[in-house]
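Analysis of the macromolecular model
Now for the letters of each chain:
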Amino acid sequence: MGDRGGAGGSRRRRTGPRHSSQAAEEEVRDGPAGPDEGAGGDAPTPDPDKDGDAEVGSHRELSCHRLQESLFSSDSGFSNYRGILNWCVVMLILSNARLFLENLIKYGILVDPIQVVSLFLKDPYSWPALCLVIAANVFALAGFQVEKRLAVGALTERAGLLLHVANLATILCLPAAVACLVESITPVGAVLALSVYTVLFLKLFSYRDVNLWCRELRAAAKAGERRPGAGARMAKPSPRALLGASADKANGAAAQRWVSYPDNLTYGDLYYFLFAPTLCYELNFPRSPRIRKRFLLRRLLEMLFFTQLQVGLIQQWMVPTIQNSMKPFKDMDYSRIIERLLKLAVPNHFIWLIFFYWLFHSCLNAVAELLRFGDREFYRDWWNSESVSYFWQNWNIPVHKWCQRHFYKPMLRRGASRWMARTGVFLASAFFHEYLVSIPLRMFRLWAFTGMMAQIPLAWITSRFLQGNYGNAAVWLTLIIGQPVAVLMYVHDYYVLHHEAATTGP
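Residues numbered from 1 in each chain as written. Predicted model: local features only at pLDDT ≥ 70, side-chain atom pairs only at ≥ 80, totals over all residues. Heavy atoms only, no water.

Do not read the predicted coordinates in detail wherever pLDDT is low. Per-residue confidence for the chain averages 80 on the pLDDT scale, and 78% of its residues sit at or above 70. Segment residues 1–54: pLDDT under 50, and 30 contacts once partners within four positions in sequence are set aside and those in other chains are kept. Across residues 229–237, confidence stays below pLDDT 50; counting only partners more than four residues off in sequence or on other chains, it has nine contacts. (pLDDT = per-residue confidence, 0-100. Contact = heavy atoms within 4.5 Å.)

Okay, here's the thing in structure tokens:
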């Protein structure tokens, strides 16, 4: 059509002289289509047949404008900012390279791998943290034996509940007592031991709940058999629990033997769950068909590399900044405190991002690959969070699933409101954050607890007043600034409590 029109226009122009306005109208009508006709995508793409060699000899272009918005305007529909993103990455690398070079010139090389060993061991002949980790098996086996006796009816449900409560309470209290009373345990060793016991607490809590639900279903099934017609009213497990094996097999997962209660109460099943990268127990976990050796090797190399990188960044970048922050805190020089806070925010946030990738992608995927654990959703797109609530629901999926399954939904079933259940979840999270920080440092300042509870009003503010990119920016700002504030508060209090007390003591 366009070619014929163009040729017809040329023939008409050769027939003879015409009025200039009439010739202009025919040329505009019969000439090449403008760039706005049929344009699509982010920007118009020139057609070489129309804007290329065919137009070189033309000296009459009566129209070169069209109705269009600037690319940065929201009405333009333009969305390809890849070049600007690359520019931001280059600027980020250059600015941090300057800071790194400045750090090397000022302090020299501070990385010392030998010093890392001293963070775990104060006395080479005393290993309290390792002894605590080994002793955790006692509590796991205690919970297992209680479930075995409940399954055969040797214990009543009330007696089993009391034994489980005592076991879980001891899991939280014993390592805390050791961390506070044993002088040879280091803060880093105490954090490691308390983390293991916290994970064990959450896993055994889920282990007890799921086995209890299985006993209730079994009792309901027996009652339905005794009462004809009651089976239709009997509580049933979820379709995922009933069809998990067949659904996984249809998705290409490895064929596995379907286990039902109480056949799941074995030592192999218990320790598979204890080592699996999840906090929620199931009788039949989804399994991958095989161990991918290349995938596993990549994850192991990432674990090794990022471990060394984190240690190096902490020793070379964070420690000098924290040490230089003590004098402004002591003098209450607020401008210098803010300057040190902003200076600490960059390495702290960078190390936190590396830690996230190291733990949730490298470590958990390596463990999952070794155990052929099929559910690899350890995180979601928390970096796109437009509210604080979305961030907490998506950055740590194992903990989120546990809170939703064993805390949030049970509270709703007991008649609590959604706001009350959500507050309870934040309260439990605040307790464990403070538990993992204050006890190893042997001081109770409640900074971590306060920071977690402050997420409740912050979540309300971001969801109500900040939407879209503004909400996402607010989430990033709280992550970048909030963590260094807590770090400086704890380091300052620890320094005042231990170092200044030692220098001013008798």
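As enumerated under the stated definition, the model contains 36 aromatic pairs in all. Pairing Phe-273 with Tyr-281 gives two aromatic rings, centres 5.1 Å apart and planes at 70 degrees, and the pair type is edge-to-face. Here the two residues Phe-273 and Tyr-281 agree in accessibility, since each one is buried. Each ring, one from Tyr-281 and one from Phe-285, has its centre 6.2 Å from the other, and the planes form 80 degrees; the classification is edge-to-face. As far as the burial class goes, Tyr-281 and Phe-285 line up, both buried. Of the aromatic side chains, those joined through ring pairs into one cluster are Trp-352, Phe-356, Phe-360, Tyr-379, Trp-382, Trp-383, Phe-391, Trp-392, Trp-395 and Trp-476. Arg-292 extends its terminal NZ or CZ atom over the ring of Phe-295, reaching a point 4.2 Å from the ring centre. (Phe/Tyr/Trp six-rings, centres within 6.5 Å; stacked < 30°, edge-to-face > 60°. Buried < 20%, exposed > 50% of the residue type's maximum accessible area, 1.4 Å probe, protein only. Lys NZ or Arg CZ within 6 Å of the ring centre and 35° of its normal.)

The next point concerns the nonpolar core. Counting 59 residues, the largest nonpolar core has Ile-171 and Leu-200 as the members making the most contacts within it. Once you skip the residues sitting within four places of it in the chain, Ile-171 turns out to touch Phe-139, Tyr-197, Leu-200, Phe-201, Leu-204 and Tyr-435. Membership of the second largest hydrophobic core comes to 13 residues, among which are Met-318, Phe-329, Leu-344 and Ile-354. (Core = buried A, V, L, I, M, F, W, Y, C linked by side-chain atoms within 4.5 Å.)

Time to look at the pattern of salt bridges. According to the stated counting rule, one finds 11 salt bridges in the structure shown. A salt bridge links Glu-147 to Arg-215, with the shortest nitrogen-to-oxygen separation between them at 2.7 Å. Of this pair, Glu-147 sits in helix 6 (residues 128–151) while Arg-215 sits in helix 8 (residues 187–226), and the two are 68 residues apart along the sequence. In this structure, Glu-147 and Arg-215 share a single accessibility class: buried. Between Asp-375 and Lys-401 there is a salt bridge whose closest N-O contact spans 2.8 Å. Of the two residues, Asp-375 is situated in the loop between helix 13 (334–371) and helix 14 (388–394) and Lys-401 in helix 15 (residues 397–413); the sequence distance between them amounts to 26 residues. (Salt bridge = Lys/Arg side-chain N within 4 Å of Asp/Glu carboxyl O. Helix = DSSP H or I, 4+ residues; strand = E, 2+ residues; numbered from the N terminus.)

Over its 31 residues, helix 11 (residues 293–323) runs 44 Å from end to end, which matches the ideal 45 Å to within 8%, given 1.5 Å per residue. Roughly 35 degrees is the biggest bend found in helix 11, and it falls at Ile-314. (Expected span 1.5 Å × (residues − 1). Bend = angle between axes of the 7 residues up to and from the residue.)

Turning our attention to the packing of helix 6 against helix 10 (residues 267–275). Interhelical geometry of helix 6 versus helix 10 gives an angle of 130 degrees and a closest axis separation of 11 Å. Judged by the angle between their axes, helix 6 and helix 10 are oblique. Considering how the two elements wind past one another, helix 6 and helix 10 form a crossing that is right-handed. Along the contact surface, helix 6 presents Asn-137, Ala-140, Leu-141, Phe-144 and Gln-145, while helix 10 presents Tyr-267, Leu-270, Tyr-271 and Leu-274. (Axes fitted to C-alpha atoms, helices over the stretch in contact; angles between N-to-C directions. Parallel < 35°, antiparallel > 145°, perpendicular 65-115°, else oblique. Left-handed = near helix turned anticlockwise from the far one by under 90°.)

In this section: unusual backbone geometry. The omega torsion of the bond from Tyr-261 to Pro-262 falls at 5 degrees, within 30 degrees of zero and hence cis. Its location among the elements puts Pro-262 in the loop between helix 9 (239–250) and helix 10. We note that Arg-372 has phi near 55 degrees; this positive angle belongs to a residue other than glycine. As for its placement among the helices and strands, Arg-372 is situated in the loop between helix 13 and helix 14. At Arg-442, a residue that is not glycine, the phi angle is positive and equals roughly 60 degrees. Structurally, Arg-442 can be placed in the loop between helix 16 (418–441) and helix 17 (447–453).

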